[in-house]
Amino acid sequence: MNQEYGQEDGPDGFDEEPEATRRDAGDAESSRASRGWWDRNADDYQTEHGAFLGDDRFVWGPEGLDEEEAGLLGPADGLKGLDVLEIGAGAAQCSRWLAARGARPVALDLSHRQLQHALRIGGEVPLVEADAGALPFRDGSFDLACSAYGAVPFVADPVRVFREVRRVLRPGGRWVFSVTHPIRWAFPDEPGPEGLSVAASYFDRTPYVEQDEQGRAVYVEHHRTIGDRVRDVVAGGFRLVDLVEPEWPAWNSQEWGGWSPLRGNLIPGTAIFVCERD
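Residues numbered from 1 in each chain as written. Predicted model: local features only at pLDDT ≥ 70, side-chain atom pairs only at ≥ 80, totals over all residues. Heavy atoms only, no water.

Let us now look at helix H1 (residues 27–53). Compared with an ideal rise of 1.5 Å per residue, which puts 27 residues at 39 Å, H1 spans 29 Å between its outermost C-alpha atoms and falls more than 12% short. Of all the bends in H1, the greatest, near 55°, is centred on Asn-41. (Helix = DSSP H or I, 4+ residues; strand = E, 2+ residues; numbered from the N terminus. Expected span 1.5 Å × (residues − 1). Bend = angle between axes of the 7 residues up to and from the residue.)

This is the structure:
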């Protein structure tokens, strides 16, 4: 699961710390930055968060909402025999959960190193290295598509991704994806009290970019308001069925980047869009 929960840690492997800024970043630059960031940081990410994600657990976000409980893809006993595409799969934890319930998942990720972790964990899930904006599958190949914090927050043109997902889904297919809740962009990305005061305009869509000394982006994240996301879903050819904002559960005491019990009990951290292809 390629979960990049907000502006967490800057990329390593550079002589100087990257500069954090807000500026435009197009499709090609965003894709190149995401691939490089994950190839450099996949090892640390899996070491730090692997226990929480599990090897075959389907978690929608840092709150810990589990697909076993949520059923956003449909009843677990109805997944058997369905073809499912996981986009931004990371180490394919969600795909293994799907496979264990009799589905036929395919795990797709932009990062070669993340998919190497999927191979390390093992299992029979097919792995595909590709960009979400150019899916290498025939029309109508899948019954379901899902993404837990993968791809969508990091692409300059989400409608392009949604149209590709629609293309590879069969009529009536469901597309469910989770992203950082848009309201979080108005607050500092801090887990403590300093993260509870509005510091920026919610309506500023300028991407968050970390760049090297030459001005090349090494990490890019794109902001869309709730309204933008709904309009993007519709422009991509989908009908919005539900918008889930998970509450922070009492059992979850962890901090993950800017996500924490303190903030999670006061403001939403994740938005999950449940969409269907007509």
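All right, on to the pairing of strand S5 (residues 142–148) then. Counting buried residues in S5 gives six out of seven residues, a clear majority hidden from the surface. In this structure, strand S2 (residues 83–87) lies alongside S5, joined through three bridges in parallel fashion. Note on S5: the bridge partner recorded for Glu-86 is Cys-146. Relative to strand S6 (residues 169–180), S5 runs parallel, the two being bridged by six bridges. Across the sheet, Ser-147 pairs through a bridge with Phe-177, a residue of S6. (Buried < 20%, exposed > 50% of the residue type's maximum accessible area, 1.4 Å probe, protein only. Pairing = 2+ DSSP bridges.)

Here the focus is the packing of aromatic side chains. Counted under the stated rule, the structure contains 16 aromatic pairs. Plain terms: the ring middles of Trp-37 and Trp-38 are 5.0 Å apart, the flat faces sit at 80° to each other, and that makes the pair edge-to-face. Comparing Trp-37 with Trp-38 shows no difference in burial state: the two are buried. Taking 4.7 Å as the distance between ring centres and 45° as the angle between the ring planes, the aromatic pair formed by Phe-58 and Trp-60 counts as tilted. Like Phe-58, the residue Trp-60 is buried in the burial classification. Members of the aromatic cluster, joined through ring pairs, are Trp-37, Trp-38, Tyr-45, Phe-52, Phe-154, Tyr-208, Tyr-219 and Trp-256. Lying across the ring of Phe-52, Arg-57 places its NZ or CZ 5.2 Å from the centre. Here the basic side chain of Arg-184 rests over the ring of Trp-259, its NZ or CZ set 5.3 Å away from the ring centre. (Phe/Tyr/Trp six-rings, centres within 6.5 Å; stacked < 30°, edge-to-face > 60°. Lys NZ or Arg CZ within 6 Å of the ring centre and 35° of its normal.)

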